[in-house]
Amino acid sequence: MALVLTTAAVPDGERLAHWRDALGRALVQMAVTARHDGPFEGRVSIERLGYLRIATIEADAQRMSRTPAHLTVAAPAVACVAVGVQTAGTATLVQDGRRAFVGEGDLMVYDTGRPYSLDFPGRFAARVVHLPRRALGLPEEDLRRVTGTAIAGTAGFGALLVNFLTSLTASVPPCAPAVATRLATGVVDLFATLVEERTQDDASPDANPGDHLVLRVRDHIDRNLGDPDLSPATVAAAHHISVRYLHRLFEGEGITVARLIQKRRLERCARELRRPDATAPTVSAVAQRWGFANPAHFSRVFRTAYGRSPREWRGARDELPAAG
């Protein structure tokens, strides 16, 4: 059942303060400034889908700002990546020195754990989904390459995610907790795939052929992580190059091919183990799915990477925000 907050019945002089409080309940605490004189109108509905929080907003022109002061009172456990679909009007998103214009039908991505601002020059409508950072299992450097940006909803995984979110959030279906969790996980997986697509597409157009080959190698690794035989030798053979040349390609990447394979496998395992799903597979099944043939080796390298054993990591999934 959606919780709907509106300024309709609030006296004119109190509407903006009421709206700021409503946004704090629906999203996060922010400063809000109206962009026009006269009575302010706004409406926001709040729903939960598994461990996701969904807000549907329709309001007059305004500027929302999340400042460092707001972050000092925020609970770290609720840090989220917000993915918004601009369903009407336009916006300008600013975060980390980036300025992105968001048109109707576009996606906007920002991190609620860092300052940002959203400027809506006219009346607008948007749907915003908060994805808990702990459920994503994505490297921080990859997230920072997509936050503070707008993504066209007309091609690639951007279009797929826009269509899925638009359909899902237009009418959040009543469903059993296990089904809601699976739907939430579907959103998280689509977003993670979008991040991977965007980070791989960030290569400069004037990059040398070796750079493009590195991208193809990375893509090959990501598509074959479940193969326990995946190794520098099999990667080199798949691209018709020598192992020595493969290692030369990665000299400027800051990581060896073998380490990259292990890192990506661990990231997939970490993401799957953190899913708050009672029907999730066992730790050993997750490890095997992502190419770890030896459970003891998997536990050892996982603890080295994440500071916890796989079982301890899975136990910490209860720290995710609960569905309300």
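Residues numbered from 1 in each chain as written. Predicted model: local features only at pLDDT ≥ 70, side-chain atom pairs only at ≥ 80, totals over all residues. Heavy atoms only, no water.

Participant: Provide a residue-level description of the packing of helix 10 (residues 257-273) against helix 12 (residues 295-306), including the pertinent values.
Facilitator: Where helix 10 contacts helix 12, the axes come no closer than 11 Å and their chain directions differ by 85°. Classified by the angle between their axes, helix 10 and helix 12 sit roughly perpendicular to one another. On helix 12, the residues touching Q262, L266, E267, C269, A270 and L273 of helix 10 are H297, F298, V301, F302, A305 and Y306. Split into classes, the residues belonging to the contact of helix 10 with helix 12 amount to 9 nonpolar, 2 polar and 1 charged. (Axes fitted to C-alpha atoms, helices over the stretch in contact; angles between N-to-C directions. Helix = DSSP H or I, 4+ residues; strand = E, 2+ residues; numbered from the N terminus. Parallel < 35°, antiparallel > 145°, perpendicular 65-115°, else oblique. Contact = heavy atoms within 4.5 Å. Nonpolar A, V, L, I, M, F, W, Y, C, P; charged D, E, K, R; others polar.)

Participant: Talk me through empty space enclosed by the protein; I want residue IDs and the actual numbers.
Facilitator: Across all of its chains, the model carries 1 cavity of 30 Å³ or more by this definition. Taken together, L27, I57, M64, M108, Y110, L118, F120, A126 and V128 form the lining of the largest cavity. Elements with a minimum of two residues in the lining of the largest cavity: strand 9 (107-111), strand 10 (116-120) and strand 11 (124-132). (1 Å grid on protein atoms, 1.4 Å probe; cavity = no way out; pocket = protein on both sides within 12 Å on 5 of 7 lines; lining within 4 Å. Points joined across faces, edges and corners; volume = space filled by probe spheres on them.)

Participant: I'd love a proper account of the sheet that holds strand 5 (residues 62-66), names of residues and values included.
Facilitator: Strand order across the open sheet formed by 5 strands is 2-5-10-7-8, with antiparallel pairing between neighbours. Looking at strand neighbours, the two that pair on one side only are strand 2 (31-34) and strand 8 (98-102), the edges of this open sheet. For this sheet the average axis-to-axis angle between neighbouring strands, irrespective of direction, equals 15°. Lying over the sheet, helix 1 (residues 15-26) contacts strand 2 and strand 5, oriented at roughly 140° with respect to strand 2. (Pairing = 2+ DSSP bridges.)

Participant: Can you tell me about the side chain of D111, naming the residues and giving the values?
Facilitator: For D111, the position within the fold is in strand 9. Here R114 takes part through its side chain, which lies 2.8 Å from a polar atom of the side chain of D111. Dropping the residues within four chain positions of it, D111 is found in contact with C80, Q95, Y116, R133 and T147. (Polar contact = N/O pair within 3.5 Å; in protein donor to acceptor, adjacent residues only side chain to side chain.)

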